Amino acid sequence: MTSLPVIPTSPDAPIGGAARRAAMPPRHLADLDLAGRQALVAELGEPAFRAKQLSNHYFGRLVRDPEQMTDLPAATRARLAEQLLPRLLNPVREMACDDGATRKALWRLHDGSLVESVLMGYPDRITVCISSQAGCGMACPFCATGQAGLTRNLSTAEIVDQAVYLAGVAASGAVAGAPPRLSHVVFMGMGEPLANYARVVAAIRRLCAPAPEGLGLSQRHITVSTVGLVPAIRRLADEDLSVTLALSLHAPDDDLRDELVPVNQRWKVAEVLDAAWDYAGRTGRRVSIEYAMIRDVNDQPWRADLLGRLLAGRLAHVNLIPLNPTPGSRWDASPKPVEREFVRRLREAGVSTTVRDTRGREIDGACGQLAAAEVAS
Ligand code: SAH
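By the naming in an unreviewed UniProt entry, the protein chain is Probable dual-specificity RNA methyltransferase RlmN, taken from Micromonospora pattaloongensis. For the record of the protein chain, the UniProt heading Subcellular location (unreviewed entry) holds the text "Cytoplasm". In its Sequence similarities (unreviewed entry) section, the UniProt entry covering the protein chain states "Belongs to the radical SAM superfamily. RlmN family."

See the structure below:
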């Protein structure tokens, strides 16, 4: 049994001492709403409308190089960019696979922390998977990020900038066979988004505000994935946001979930599902139940039946994820026939179920493995 991770007492509290001590990055315009940017620009002795101009370059045109902001006086551009657009993400490595339709970016942050983001192009949409923390404190034993522990929370702008940067990659037409406009964002990279609650919610607001305030994505196209921090799920339901909640369940019974998702020792399956159904009821959004299929661990027919009974008649969809084995792990993905039987039983129980595609496996999909490989080297 894995030991209980340090759980925040309120959704806003940082987890563990490391997050409290770690240095946050310099302030960036994406940390602030438009009114905040206007007040800051005025403080810097410039007319407030410069905030809109800068924001339009960053969010509207996806331009961050001050040289290209020719509607601003040259001296002002440099000074404002220095104050409001500091470089937050330093690219360490970019990798592509699936004929260029999947791209993964590894970033080094100002304090040396590594995080990653993944862009996935489809014929009808482009999705980016972004990180909310450097590392993660949730200690799920099958997840590479969980093994290293938490370094620190990302700032709002560090979260937003991953999407803005990859929206620029998409706009350049680099993603073959996909539309040029970023449309979907999933918080399924490194970290537990609801353990960095206030910054993640602010990032969602920036991603969804229309330009020049934000990136103009639809709230319905944002998915927040969580281990199941019950008070934070309940608080998210109060935010008046129509984002999709994804719950990393991975087991229908407390005995096994206590091990696979250690936060279950604090909030049990029944409690977390209760919060999920409240979320679905409040937002009208179907909850996505994430279930990594782990050979001989959680893939037995009786567990499919138990899961089916828990979910039948609920506003839920099951997303089975073939386990992506992490280096040195004792676990493997379920064999395909076992997976098919699991799907069959869930559907028989009336539960809508799909198996997630395994995009980006060759470049170590979005499970913290690229950053882990970089640290190891
Ligand atoms: N902390 C959030 C986001 C994490 S990553 C959460 O737990 O929901 C998004 C999903 O990938 C989660 O469901 C997580 O459990 C799953 N995941 C992590 N490592 C995995 C692996 N090695 N194979 C398959 N899925 C994995």
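1. Focus: the overall build of the protein chain
When helices and strands are counted, the protein chain shows 13 helices and 12 strands. Of all intrachain contacts in the protein chain linking residues separated by at least 6 positions in sequence, the fraction that spans at least 24 positions is 69%. When the accessible surface of the protein chain is totalled, it reaches about 15000 Å², and 50% of it is carbon and sulfur.

2. A short note on the pattern of salt bridges
As enumerated under the stated definition, the model contains 20 salt bridges in all. The partner of lysine 268 in a salt bridge is aspartate 258, with the nearest N and O atoms 3.0 Å apart. Separated by 10 residues along the polypeptide, lysine 268 in the loop between helix H9 (254-260) and helix H10 (269-283) and aspartate 258 in helix H9 bring together distant segments of the chain. Judged by relative accessible area, aspartate 258 falls into the buried class, the value being 11%. The salt bridge involving aspartate 305 is made with arginine 345; its shortest N-O contact spans 2.8 Å. Here the residue aspartate 305 occupies a position in helix H11 (residues 301-311), and arginine 345 occupies one in helix H12 (residues 336-348), the gap between them amounting to 40 residues. Accessibility expressed as a relative area gives 28% for aspartate 305, which makes it partly exposed. In this structure, a network of salt bridges that share partners links the residues Asp305, Glu341, Arg344, Arg345 and Glu348.

3. Looking at the UniProt feature "binding site: [4Fe-4S] cluster" (unreviewed entry) in the protein chain
Summarizing the sequence annotation, UniProt attributes the feature "binding site: [4Fe-4S] cluster" (unreviewed entry) to Cys136, Cys140 and Cys143 in the numbering used throughout. Assignment of secondary structure puts cysteine 136 in the loop between strand E5 (133-135) and helix H5 (144-148). Overall, cysteine 136 belongs to the buried group, its relative accessible area being 9%. For cysteine 143, the location among the structural elements is in the loop between E5 and H5. Assessed through its relative accessible area of 23%, cysteine 143 is described here as partly exposed.

4. Some details on the pairing of strand E7 (residues 184-187)
In E7, alternate side chains face the same way, and those of His184 and Val186 on one face and Val185 and Phe187 on the other are all buried. Here strand E4 (residues 125-129) pairs with E7 via 3 bridges, running parallel. Note on E7: the bridge partner recorded for threonine 127 is histidine 184. As for the winding sense of the linkage, the β-α-β connection from E7 through helix H7 (residues 197-208) to strand E8 (residues 222-226) is right-handed.

5. Brief notes about the UniProt feature "active site" (unreviewed entry) in the protein chain
Residues annotated in UniProt with the feature "active site" (unreviewed entry) correspond here to Glu116 and Cys367. With respect to the helices and strands, glutamate 116 occurs in strand E3 (residues 114-122). A distance of 3.4 Å separates a polar atom in the side chain of glutamate 116 from a polar atom in the side chain of lysine 104.

6. Quick notes on the site of the ligand
In the vicinity of the ligand lie 19 residues, with Gly191, Ser225, Ser248, His250 and Asn324 positioned nearest. Here a nitrogen atom of the ligand and a backbone polar atom of phenylalanine 142 are 3.1 Å apart. Here an oxygen atom of the ligand and a side-chain polar atom of histidine 250 are 2.6 Å apart. Taking 530 Å² as the accessible area of the ligand by itself, protein coverage stands at 96%.

Cut-offs applied
- Numbers given to residues run from 1 along each chain, matching the order in which its sequence is written.
- Thresholds applied to this predicted model are a pLDDT of at least 70 for local features of residues and 80 or more for the giving and counting of side-chain atom pairs; totals over whole chains, interfaces and linings are not thresholded and use all residues.
- Excluded from the side-chain calculation are hydrogens and water; included are all heavy atoms of the structure.
- UniProt positions are given in the numbering used here, feature names are shortened, and annotations may be inferred rather than shown by experiment.
- Labels follow the DSSP assignment, with helices taken as runs of H or I lasting at least four residues and strands as runs of E lasting at least two, numbered in each case from the N terminus.
- Contact definition: two residues touch when any of their heavy atoms are within 4.5 Å.
- Here the open area of atoms and residues is found with the Shrake-Rupley method and a 1.4 Å probe, where only the protein chains shown may cover a residue.
- A pair is scored as a salt bridge if a Lys or Arg side-chain nitrogen falls within 4 Å of a carboxyl oxygen belonging to Asp or Glu.
- Relative accessibility thresholds used throughout: buried, under 20% of the residue-type maximum; exposed, over 50%; partly exposed, between the two (1.4 Å probe, protein chains only).
- Paired strands, as defined in this entry, are two strands with at least two bridges between them according to DSSP.
- Crossovers are marked right-handed if the path from the first strand over the helix to the second runs clockwise, as seen with the strands pointing away from the viewer.
- N or O atoms closer than or at 3.5 Å make up a polar contact, with two conditions inside protein: a donor-capable atom paired with an acceptor-capable one, and, for residues adjacent in sequence, both atoms drawn from side chains.
- Neighbouring residues are identified by heavy atoms, a residue being near a molecule or strand if any of them is within 4 Å of it.

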